[in-house]
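# Coordinate inspection notes
Listed below, chain by chain, are the residues.
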Amino acid sequence: MNNIPCNLEGYKLMVTELPELKSFTDDAGVVHMAKVYGTEDPIYVVSLFAKPREAGPHGKRAKGEEIKVEFTRAPEQEFEEGSYVNLDRATVSLTDFTSKKGDRFVGLKFRAEGLVPVSS
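Residues numbered from 1 in each chain as written. Predicted model: local features only at pLDDT ≥ 70, side-chain atom pairs only at ≥ 80, totals over all residues. Heavy atoms only, no water.

## A look at the overall build of the chain
Looking only at helices and strands, the chain has zero helices and 10 strands in total. Reading the chain from its N end, one meets helices and strands in the order β-β-β-β-β-β-β-β-β-β. Dimensions along the principal axes, computed over C-alpha positions, put the chain at roughly 50 × 35 × 25 Å. A sequence separation of at least 24 residues applies to 61% of the contacts in the chain between residues at least 6 apart. Only carbon and sulfur atoms are counted for the fraction: they give 52% of the accessible area of the chain, which is about 8800 Å². (Helix = DSSP H or I, 4+ residues; strand = E, 2+ residues; numbered from the N terminus. Contact = heavy atoms within 4.5 Å. Areas by Shrake-Rupley, 256 points an atom, 1.4 Å probe, with all protein chains shown as cover.)

## Some points on the pattern of salt bridges
Taken as a whole and judged by the stated rule, the model has nine salt bridges. Of the charged contacts, one joins E76 and R73 as a salt bridge, the two residues approaching to 3.6 Å between their closest N and O atoms. The class for E76 is exposed, based on a relative accessible area of 71%. For the salt bridge of R104 with D96, the shortest nitrogen-to-oxygen distance reads 2.7 Å. The class for R104 is exposed, based on a relative accessible area of 60%. A relative accessible area of 45% places D96 in the partly exposed class. Within the structure, one salt-bridge network assembled from shared partners comprises R73, E76, D88, R89 and E113. (Salt bridge = Lys/Arg side-chain N within 4 Å of Asp/Glu carboxyl O. Buried < 20%, exposed > 50% of the residue type's maximum accessible area, 1.4 Å probe, protein only.)

## A word on the side chain of S47
Examined against the element boundaries, S47 turns out to sit in strand β5 (residues 44-52). Those residues in contact with S47, other than ones at most four positions away along the chain, are M14, V15, T16, E17, E66, I67 and K68.

## Observations concerning a nonpolar patch on the surface
Residues L21, V31 and M33 make up a contiguous nonpolar surface patch of about 250 Å² in total accessible area. As for its placement among the helices and strands, M33 is situated in strand β4 (residues 31-33). (Patch = residues over 30% accessible without salt bridge, like charges linked within 9 Å, V, L, I, M, F, W, Y side chains within 5 Å.)

## Topic: the packing of aromatic side chains
Tallied over the full model, the rule gives two aromatic pairs. For the pair Y44 and F71, a centre-to-centre distance of 5.5 Å together with 20° between the ring planes defines the contact as stacked. Here Y44, found in strand β5, pairs with F71, found in strand β6 (residues 65-71); they are 27 residues apart in sequence, far enough to count as distant. (Phe/Tyr/Trp six-rings, centres within 6.5 Å; stacked < 30°, edge-to-face > 60°.)

## Describing the side chain of S93
Tracing the backbone through its elements, the reader meets S93 in strand β8 (residues 91-98). In this structure the side chain of S93 is engaged in a polar contact, spanning 2.7 Å, whose partner is the backbone nitrogen of N3. Every residue in contact with S93, bar those within four places of it in the chain, is listed here: M1, N2, N3, G107, L108 and K109. (Polar contact = N/O pair within 3.5 Å; in protein donor to acceptor, adjacent residues only side chain to side chain.)

## A few points about unusual backbone geometry
Positive phi, close to 55°, is recorded for N3, a residue that is not glycine. Among the secondary structure elements, N3 is positioned in the segment before β1 (4-5). For N3, a relative accessible area of 44% gives the class partly exposed. Even without being a glycine, R89 presents a positive backbone phi close to 55°. Inspection of the secondary structure puts R89 in the loop between β7 (84-88) and β8.

If you want it as C-alpha cells, here you go:
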C-alpha cells in the first residue's frame, strides 16, 4: 500500500537537517537531481525529529524518532535547525529495497506536499 494519508497532529516536528534538493549519484559518478515521477518537478528532502505531544497511558511521553520526509513544493521560506513545522498533506508508504551491497531494507517512507512553519 502506498501514499496512505498520515495524521501527525499528535507529534511535534522539529527540523534537524535543513531542506535540500534530493539527489543521487549514478554508477558513473554523475550527480542527478531526483524528480517527481513523470515530471521535471524536483523532490526536496528534510530530516525531522518527531516527538509525541502527549504522555502515554503510563504518564510518560514516548521517545521521539528522526524521520526523513520527501516533499514536492519548494520551501516558501528559510527554515533553521530547531524550527518547528507541520507537513502539508502527509502520506506514508511501506518501502522495501535492496542496496548495491545486497542489503535489504524495509521501512516507512514519509512524503508531503510541503512544509508549513508552526507559528510561535
